[in-house]
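# What the coordinates show
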Amino acid sequence: MPESIPASLIIDTLKDTFREARAWLAAEIAEPPRHTHLGWILSVPDTHQKTVLAALDKEPAIRVLTCATEDEATAIAAGLWLGGEPCALMIQHAGLYASVNTLRGVAIDGRVPAFYMIGLLSREKEKDPRESRHSMVRYCEPLLDTFGVPHARLEGPDDVHRIPEYFRLARERRGPAAVLVGLETI
Amino acid sequence: MLKPEDVLRAIAAARGDAVCVPTMTTAPAWRTLAPDDLSVTCVGFMGGASALGLGLALARPDRRVIVLDGDGSLLMQLGSVATIAGAQPRNLTHLLFKNGVYHTSGAQDIPGGLTVDFVLMAKGAGYRNAYAIKEPTEFKRRLPTMLTEEGPVLVELHTGLAEKTPMTDRGGLPFHRQIEALRTKLLRPRAS
């Protein structure tokens, strides 16, 4: 059965992930950008990950930019990538559906390693998401499959290693990758 | 009324090392005026230039970022005006080429046509500055300021139709190659 993941665990994992991204960049380029923060969260607030967003308010190492739409968040991620800044997009499944053209046009066609953390709001604890009675839960993985976006489920604290793994995968494949947050974070 | 090509020519001459983000009808002319420069063109993702420019501006606060936007394009992601205002990038100049139509798809009127006031929208959202320019002499006089003043600044440029559109003048590097080229120029990989 899936379990809720503590916000602090997700944030610590993101910090480690961004540190690794900066170390990778520092090894690759002549003059890596110097900032006091580690990376960015681009958020269109997600009910499922609200405890993470609340805790990020007190986390100076990660800058949070609230975006009006997921389209914007994806395009902003491309701009940050161009400038060498690590980021993660924290959105909801419905927001993924709303921004499919930008996923295609920017992240896939532009070969931008956009890393998505997608909350599966209304996912039933006892059901596989693909068998959910809610279309917004049920269609998420098939949609990502259709667009060839690799994805993994975060079904509990033991799965947080998927965050750096899929962040790295996005960078290596030069394209989007996603983790799906199964239950509300705590 | 401003001629888009004249405006772009003047920007190309004055931009220095600014990164430029053209979209739709500014793209073909910009490709000719600044063929191998710090630019990335947004075509096909429905108004994303302003947001992509914001990401660049946040990542590279040491450089000016100039978005060469269109009124129809901005309407497709109008929320980005609030997102930009919220982020307050001091190095972002948002130039809006206002012609009142979706030129690329056949010059159909945008909703509201020329009555839509983007200056008011930008000011209402919280841009540091926003103003409209309609005459070439005023544009030339104010250009140096709009490329250096503290942003975010939006300038509504009242223009006629461009000579070319992405439909009449296809070409240029594919988007992913533009991304790779600009990233390489901005980040300068270590010599191997």
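Before any of the text, the structure's been laid out above.
So, on to the overall build of chain A. Secondary structure summary: chain A contains eight helices and six strands in total. For chain A, the N- to C-terminal ordering of α and β elements is α-β-α-β-α-β-α-α-β-α-α-β-α-β. Its C-alpha radius of gyration of 15 Å places chain A within 12% of the 16 Å reference for a compact globule of 186 residues. Considered along the principal axes of its C-alpha atoms, chain A spans approximately 50 × 35 × 30 Å. A buried classification covers 46% of the 186 residues belonging to chain A.

With 30 residues of chain A in contact, the opposing surface of chain B contributes 31 residues. Elements with a contribution of two residues or more to the side of chain A that touches chain B: strand 2 (62–66), helix 3 (70–82) and helix 5 (100–108) of chain A. Looking at which element gives the most residues to the side of chain A that touches chain B, the answer is helix 3 of chain A, with nine residues.

Helix-helix packing is described using two parameters, namely the angle between the two axes and the distance between the axes. Residue and element names in this part refer to chain B. Between helix 1 (residues 4–14) and helix 2 (residues 26–33), the shortest axis-to-axis distance is 10 Å and the interhelical angle comes to 40°. For the element pair helix 1 / helix 2, the angle class is oblique. For the crossing formed where helix 1 meets helix 2, the hand is right-handed. Contact residues: Pro-4, Glu-5, Leu-8, Arg-9 and Ala-12 in helix 1; Thr-26, Ala-29, Trp-30 and Leu-33 in helix 2.

Turning next to the sheet that holds strand 5 (residues 151–154) of chain A. Residues and elements named next belong to chain A. Pairing in this open sheet of six strands is parallel, and the strands run 2-1-3-4-6-5 from one edge to the other. The sheet is open, and its two edges are formed by strand 2 and strand 5, each paired on a single side. If you compare each strand with its neighbour and ignore which way they point, the axes differ by 20° on average. As paired strands, strand 3 (residues 87–92) and strand 4 (residues 115–119) are joined by four bridges and run parallel to one another. The residue bridging Leu-89 from the neighbouring strand is Tyr-116, located in strand 4.

Turning to unusual backbone geometry, a few remarks are in order. Comment: phi is negative for the bulk of residues other than glycine, and the bulk of peptide bonds are trans. Residues and elements named next belong to chain B. The omega torsion across Gly-151 and Pro-152 is 0°, close enough to zero to call that bond cis. Among the structural elements, Pro-152 can be located in the loop between helix 7 (136–146) and strand 7 (153–158). Phi is positive for Met-24, close to 50°, though the residue is something other than glycine. A positive phi angle is found at Ala-107, which is not glycine, with a value near 65°. Examined against the element boundaries, Ala-107 turns out to sit in the loop between strand 4 (101–102) and strand 5 (108–109). Exposure remark for Ala-107: the 12 C-beta atoms within 10 Å place this residue in the exposed category.

Definitions and limits used
- Residues numbered from 1 in each chain as written.
- Chains lettered and ligands numbered in written order.
- Predicted model: local features only at pLDDT ≥ 70, side-chain atom pairs only at ≥ 80, totals over all residues.
- Helix = DSSP H or I, 4+ residues; strand = E, 2+ residues; numbered from the N terminus.
- Rg over C-alpha atoms; globule rule 2.2 N^0.38 Å.
- Buried ≥ 20, exposed ≤ 12 C-beta atoms within 10 Å, placed from the backbone.
- Contact = placed C-beta atoms within 7 Å.
- Axes fitted to C-alpha atoms, helices over the stretch in contact; angles between N-to-C directions.
- Parallel < 35°, antiparallel > 145°, perpendicular 65-115°, else oblique.
- Left-handed = near helix turned anticlockwise from the far one by under 90°.
- Pairing = 2+ DSSP bridges.

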